[in-house]
Amino acid sequence: MICRAFLTLLISSLLVAAGYGTSLVLIPLPELVARSDAIVAATVSEQFSNSCTITVSEIVLGAAPHEISVSHPYNKGIHGIFFLVQGKDQLDLVYPAALVLPEKLQYVRSLVKIRSSPRQYLTDPKLASTPEFLEMLGYLLRDREALDGISRQTAMNHLRASLGASDPKAVIATIGALRNLDRKDSEAVLPLLQHPDLDVRLDAIRYVGWAQDQVATAPLCKMLDGLKGGNSQEALEIGAALVKIGDSTAVPSLEQAIKRNVFGGTSGALAWLGNEASFEVLLEAVTQRESLNALDAVMDVLSRSNKPVEAWMKEPRWESSIGLTHKQDWINWWQENKADFKIIKTAKEAYGTE
């Protein structure tokens, strides 16, 4: 199923090593700043089983007492920046692990400055185009209709114009801000699929996949048609986007990509969107080119078909002495079953989710 193809990528994007003997959920600093009622530089002075006490050395935002009890057992002696929200009775962490290293203090101060007067930044041509402001703008107005005299529509107009910024980091920040404002505007983002910067292209692919607008299918397929053989990050992201969009008109382009040995996300997307002919394309990649990516997709398409999965299909797939196992079994099986092989389930019916 396609979710297997992206499992490693998903896990790696959720966790980051903090160097403090624990793993922290990777929350963007602008989001932490936007959501906090108070931000402090502090040191853990006491540690308990489910909490700790922090002693504040600097208040960066809001108001806070000298000592605060927070509901996470950080090790005694740890120093860092804590992001807090006001609860019913006291301050606590905005997220279960809202702590960053002290080296980020200057950056946090700059984000707090943006939060304190976003209109000043918006009306300054130089400041309004910085990646920091563009990213903060999306978080600051995510749950609001207006802030500091800036309406949600004014913010979206500014972000749309900023998609043409010369700084790739500013463009990436703008794409993220549009998503935070739940602005699905694929037509504005589609030109970025041809951007010279790879990271911009990848973020644009993710955005149009998130927007689930079929207007993006043809441009994504054109982009896929230009990729050479091998597993690339672009192929992975294009495949994921096409699955989210769910447009079967992408099938011919996906089949041609498999024939050019462009795997990664393409084989998973073809398993999700493909038909009986797609199964044969994938099977040929298994039996003639020994593609394990294609074999995963073959098994997924098989689960959508009128044919049962046989015991030998579940056996070990690779042996160092002979390579991919059961190649001839697959060839024989297809000769026997091709005539009445039918896809009888949609991908959602077979797999449940992407």
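First, a word on what this report is: a plain description of the structure on this page.

How each quantity is defined
Every chain is numbered on its own, with residues counted from 1 as its sequence reads. Residues qualify for local features only when their pLDDT is at least 70, as the model is predicted, and side-chain atom pairs are given and counted only at 80 or more; totals for whole chains, interfaces and linings, by contrast, use all residues. Side-chain figures throughout are based on the complete set of non-hydrogen atoms in the structure, without hydrogens or water. Interaxial angle, 0 to 180 degrees, is taken between N-to-C directions of lines fitted to C-alpha atoms, where a helix line uses only the stretch in contact. For the purposes of this entry, the term helix denotes a DSSP run of H or I that reaches at least four residues, the term strand denotes a run of E that reaches at least two, and both are numbered from the N terminus. Here is the rule for angles: anything less than 35 degrees is roughly parallel, anything more than 145 is roughly antiparallel, 65 through 115 is roughly perpendicular, and the remaining ranges are oblique. By the definition used in this description, the sense in which the near helix is turned from the far one sets the handedness, with an anticlockwise turn below a right angle giving left-handed and a clockwise turn giving right-handed. For this analysis, residues touch if any pair of their heavy atoms sits within 4.5 Å. Gly counts as polar in this scheme, as do all residues outside two lists: the nonpolar Ala, Val, Leu, Ile, Met, Phe, Trp, Tyr, Cys and Pro, and the charged Asp, Glu, Lys and Arg. Think of it this way: a Phe, Tyr or Trp ring, Trp meaning its six-membered ring, pairs with another when their centres are within 6.5 Å, and the plane angle makes it stacked under 30 degrees, edge-to-face over 60, tilted otherwise. Partly exposed residues are those whose accessible area sits between 20% and 50% of the maximum for their type, while under 20% is buried and over 50% is exposed, using a 1.4 Å probe and protein chains only. Every case where a carboxyl oxygen of Asp or Glu lies within 4 Å of a side-chain nitrogen of Lys or Arg is listed as a salt bridge.

**Considerations on the packing of helix α13 (residues 251–259) against helix α14 (residues 265–273)**
In the contact formed by α13 and α14, the axes pass within 9 Å of each other and the chain directions differ by 140°. The pairing of α13 with α14 is recorded here as oblique in orientation. Between α13 and α14 lies a crossing of left-handed hand. Listed contacts from α14 to V251, L254, E255, A257 and I258 of α13 are T266, S267, A269, L270 and L273. Across the contact of α13 with α14, the residue classes tally to seven nonpolar, two polar and one charged.

**What about the packing of aromatic side chains?**
For any pair of aromatic rings, the description rests on two quantities: the centre-to-centre distance and the angle between the ring planes. A complete count under the given rule lists 12 aromatic pairs for this structure. With 5.5 Å between their ring centres and 40° between their planes, W272 and Y351 make a pair best called tilted. Placement of W272 in helix α14 and of Y351 in helix α18 (residues 347–351) is noted, with a sequence separation of 79 residues between them. For W272, a relative accessible area of 8% puts it in the buried group. For the pair W334 and F341, a centre-to-centre distance of 5.3 Å together with 75° between the ring planes defines the contact as edge-to-face. Looking at F341, the relative accessible area reads 3%, which means it is buried. An aromatic cluster of three or more residues is present, and its members are F279, W312, W330, W333, W334 and F341.

**A closer look at the pattern of salt bridges**
The final tally for this structure, using the stated rule, is 14 salt bridges. We note a salt bridge from E234 to R201, for which the minimum N-O separation is 2.9 Å. Within this pair, whereas E234 is found in helix α12 (residues 233–245), its partner R201 is found in helix α10 (residues 198–211), the two being separated by 33 residues in sequence. In this pair, the class of E234 matches that of R201, namely buried.

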